[in-house]
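One-letter residues, chain by chain:
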Amino acid sequence: MAFQRHPYGLRSKRTLVIFFLIGMPGSGKSTLGPPLADWLGYNFVDLDTYIVRKEGQSIAEIFEQQGEDFFRQVEAQALREVAKPSDGKMVIACGGGTPCFHDSMQWMLNQGVVIYLEEEKEELLKRIMLQDSKRPLLRDNPLKKIGDLLQMRSPIYEQATLICKKPTLEKLQQAIDSYLESKAKSK
């Protein structure tokens, strides 16, 4: 099937929407974000990549050298830098903890549409292990740590505008279409 951009004209000036993708590490934010942005005709920003470029260090190095509190401050500031409301037309893949600190969830909800990519912890672990990444919060017994983080973060994640379970590009497209159609009908 040929690639088609979003049919509702999200490129028009009257629709300036920032879509924030949130969820646990391995939920698909960085993987699904670029094709979703392409489909919408939007720009894509991976918040962790932005932070790494800005700070000149990996996320793991920031955690190790400056600690989690410092990282969370940098992360909250970076979120607000990349998600300038006047820019609109963006898909932003947030870090797993982004919505959980510095009132960032409420801030994102005020700026745009927050989409929680919900995935089972076993699938998250499988994906994380395939990435061979050095995630600072998932060292030592990663399945238990994923479960603990998921239990702690879920109440915050579930405040999202939309929840997409076992996310795929098609499911995200359908969720956005349904959301935009319901918003158009309520006007």
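Let me sum up the structure you'll find in this document. (Residues numbered from 1 in each chain as written. Predicted model: local features only at pLDDT ≥ 70, side-chain atom pairs only at ≥ 80, totals over all residues. Heavy atoms only, no water.)

### Looking at unusual backbone geometry
Even without being a glycine, histidine 102 presents a positive backbone phi close to 55 degrees. Notably, lysine 166 is not glycine yet its phi reads approximately 45 degrees, a positive angle. Here lysine 166 is to be found in the loop between strand E5 (162-165) and helix H8 (169-185). Lysine 166 gets classed as partly exposed once you look at its relative accessible area, which sits at 43%. (Helix = DSSP H or I, 4+ residues; strand = E, 2+ residues; numbered from the N terminus. Buried < 20%, exposed > 50% of the residue type's maximum accessible area, 1.4 Å probe, protein only.)

### Concerning the pattern of salt bridges
For the structure on display, the rule yields nine salt bridges. A salt bridge links arginine 72 to glutamate 75, with the shortest nitrogen-to-oxygen separation between them at 3.0 Å. Here arginine 72 and its partner glutamate 75 are both found in helix H4 (residues 68-82), three residues apart, which amounts to about one turn of the helix. The pair arginine 72 / glutamate 75 is uniform in exposure class, with both members buried. One salt bridge in this structure joins arginine 127 and glutamate 123, with 3.0 Å as the shortest N-O distance. Taken together, the residues arginine 127 and glutamate 123, both in helix H6 (residues 121-131) and four residues apart, mark about one turn of the helix. A relative accessible area of 23% places glutamate 123 in the partly exposed class. Salt bridges here are not isolated pairs; linked through shared partners, they connect Glu119, Glu123, Lys126 and Arg127. (Salt bridge = Lys/Arg side-chain N within 4 Å of Asp/Glu carboxyl O.)

### Side note on the side chain of arginine 72
Residue classification places arginine 72 among the buried residues on the basis of a relative accessible area of 5%. Within the structure, arginine 72 has its side chain in polar contact with the side chain of glutamate 75 (distance 3.0 Å). (Polar contact = N/O pair within 3.5 Å; in protein donor to acceptor, adjacent residues only side chain to side chain.)

### As for helix H1 (residues 29-40)
End to end, H1 covers 15 Å across 12 residues, agreeing with the expected 16 Å (1.5 Å per residue, within 8%). Those residues of H1 that fall on the buried side of the exposure criterion are Lys29, Leu32, Gly33, Leu36, Ala37, Trp39 and Leu40. The buried residues of H1 all sit within an arc of 155 degrees when viewed along its axis, so they share a single face. Among the structural elements, strand E1 (18-22), strand E2 (43-46), strand E3 (90-93), strand E4 (113-118) and H8 are those in contact with the buried residues of H1. (Expected span 1.5 Å × (residues − 1). Arc of directions from axis to C-beta. Contact = heavy atoms within 4.5 Å.)

### Some remarks on the nonpolar core
The biggest cluster of nonpolar side chains holds 32 residues, and the ones touching the most others in it are Phe20, Ile22, Ile51, Ile92 and Met108. Sorting elements by how many residues they give to this core places H4 first, with five residues. Dropping the residues within four chain positions of it, isoleucine 92 is found in contact with Ile18, Phe19, Phe20, Leu21, Val45, Val82 and Ala83. Residues Leu36, Leu162, Cys164 and Leu180 belong to the second largest nonpolar core, which totals 20 residues. (Core = buried A, V, L, I, M, F, W, Y, C linked by side-chain atoms within 4.5 Å.)

### Section: the sheet that holds E1
The sheet built from five strands is open, its strands ordered E2-E3-E1-E4-E5 with parallel pairing. The open sheet terminates on both sides in strands that have one partner only, identified here as E2 and E5. Between one strand and the next, the sheet's axes are offset by a mean angle of 20 degrees, whatever the strand orientation. Strand direction decides the pairing type here: E1 and E4, joined by four bridges, are parallel. From the neighbouring strand, phenylalanine 19 faces E4, where its bridge partner is valine 113. Contacting E1, E2, E3 and E4, H1 crosses the sheet at an angle of about 165 degrees to E2. (Pairing = 2+ DSSP bridges. Axes fitted to C-alpha atoms, helices over the stretch in contact; angles between N-to-C directions.)

### A closer look at the packing of helix H2 (residues 47-55) against H4
Packing of H2 against H4 leaves a shortest axis separation of 10 Å and a crossing angle of 110 degrees. The orientation of H2 with respect to H4, classified from their angle, is roughly perpendicular. Contacts from Leu47, Asp48, Tyr50, Ile51, Lys54 and Glu55 of H2 reach H4 at Phe70, Phe71, Val74, Glu75, Gln77, Ala78, Leu79, Glu81 and Val82. Taken together, the residues of the contact of H2 with H4 break down into nine nonpolar, one polar and five charged. (Parallel < 35°, antiparallel > 145°, perpendicular 65-115°, else oblique. Nonpolar A, V, L, I, M, F, W, Y, C, P; charged D, E, K, R; others polar.)

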